[in-house]
Amino acid sequence: MIKPAIWINPGVVAIYGSSIDAASHSHHSIQVIWCKEDLDCKLNNKAIAGTTLVNSMVEHQLEMSEGWVLLIEPNSNLGAELSAKLAGELYKSFPISNFTINELSKETEEINDYLEPLFSELGLTQQFLVLNENKVKDKRIQQLLTELNQCLKGDCIKPSSWRASEVAKQLALSESRFLHLFSEEMGISWRPYLLWRRMMCAIQALVNNKSATEAAYLAGFSDSAHLSRTFRKNFGMSIRQALSLF
């Protein structure tokens, strides 16, 4: 059986956990929920089984005794595949017959080994779990995203230099042009996107056994309370609850 765990790669956050109880919340990512049929799993207080997709920015509440939750950036290759599956719907469920969480016992940290049945039955491209490139065409925004990805490697960039005016100057753009271009390319405004990425930095720090205070500092939150409020808003649970899952 897989031990509860979390994987964070550019454009993908994958969590395997148990006793998940998330209050109503929403986030920028498309969410994939994969739970076993004979296990208790409810989305918005309605029982679900197999796999359910939740579209970006759709408010939802989740109770799950055991299973997978994947958060995928919409403006990525995998996000595009999931968007096509959703076809504009807020939620969409798929029966997945080959659920193998309880049978898996491989001593590996390769997420592909665990999620292969899910991706195969949904017809998704599995390589995007490791290399989920964004679909941004503008090279300046690509450069910006590459810098932000450094945080996922444990080399967080303090957000003191991430004001829109400073980023725009770095990219040789006016602030208004940068903000318009970023929203156009990414489908989300700069400020909420940066907040989301800073939260990924904080989660990575927590996974690396940093305290909530240390994680907040490393990711540029004003304090642990600010991080906690942001975390609850995006995930529907406290940091302490989240840490108990993996």
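This text gives an overview of the structure that appears in the document.

**Topic: the nonpolar core**
Formed by 35 residues in total, the largest nonpolar core has its most connected members in Ile33, Met64, Phe231 and Phe235. Sequence-distant contacts of isoleucine 33, defined by excluding residues within four places in its chain, comprise Cys41, Leu43, Ile48, Gly50, Thr51, Thr52, Val54, Leu62, Met64 and Trp68. Formed by 25 residues, the second largest nonpolar core is a distinct cluster that contains Val12, Tyr16, Leu82 and Phe94.

**Some thoughts on the pairing of strand β1 (residues 5-9)**
For β1 and strand β2 (residues 12-25), the ladder comprises 5 bridges, and the chain directions are antiparallel. Across the sheet, the residue bridging to alanine 5 is tyrosine 16, located in β2. Hairpin connection, β1 to β2: the antiparallel pair is bridged by 2 residues, and glycine 11 has positive phi, about 80°.

**Quick notes on the environment of isoleucine 33**
Looking at the element boundaries, isoleucine 33 is found in strand β3 (residues 30-35). Residue isoleucine 33 is classed as buried on the basis of its relative accessible area of 0%. As for isoleucine 33 and glycine 50, which are separated by 17 residues in sequence, their C-alpha atoms are 8.1 Å apart.

**Structural notes on the side chain of histidine 60**
Position of histidine 60 among the secondary structure elements: in strand β7 (residues 60-72). Looking at histidine 60, its side chain comes within polar contact range of the side chain of glutamine 31, at 3.1 Å. Within the local environment of histidine 60, its side chain forms a polar contact with the backbone oxygen of valine 58, the two atoms lying 2.8 Å apart. Sequence-distant contacts of histidine 60, defined by excluding residues within four places in its chain, comprise Ala23, Ser24, His25, His27, Gln31, Leu43, Asn44, Val54 and Tyr91.

**Remarks on the environment of valine 136**
Checked against the element boundaries, valine 136 lands in the loop between α2 (111-122) and α3 (139-148). Judged by its relative accessible area of 4%, valine 136 falls in the buried class. Once the C-alpha coordinates of valine 136 and serine 76 are considered, the two residues, 60 residues apart in sequence, prove to be 8.1 Å apart.

Each value, and the rule that gives it
Residues numbered from 1 in each chain as written. Predicted model: local features only at pLDDT ≥ 70, side-chain atom pairs only at ≥ 80, totals over all residues. Heavy atoms only, no water. Core = buried A, V, L, I, M, F, W, Y, C linked by side-chain atoms within 4.5 Å. Buried < 20%, exposed > 50% of the residue type's maximum accessible area, 1.4 Å probe, protein only. Contact = heavy atoms within 4.5 Å. Pairing = 2+ DSSP bridges. Helix = DSSP H or I, 4+ residues; strand = E, 2+ residues; numbered from the N terminus. Polar contact = N/O pair within 3.5 Å; in protein donor to acceptor, adjacent residues only side chain to side chain.

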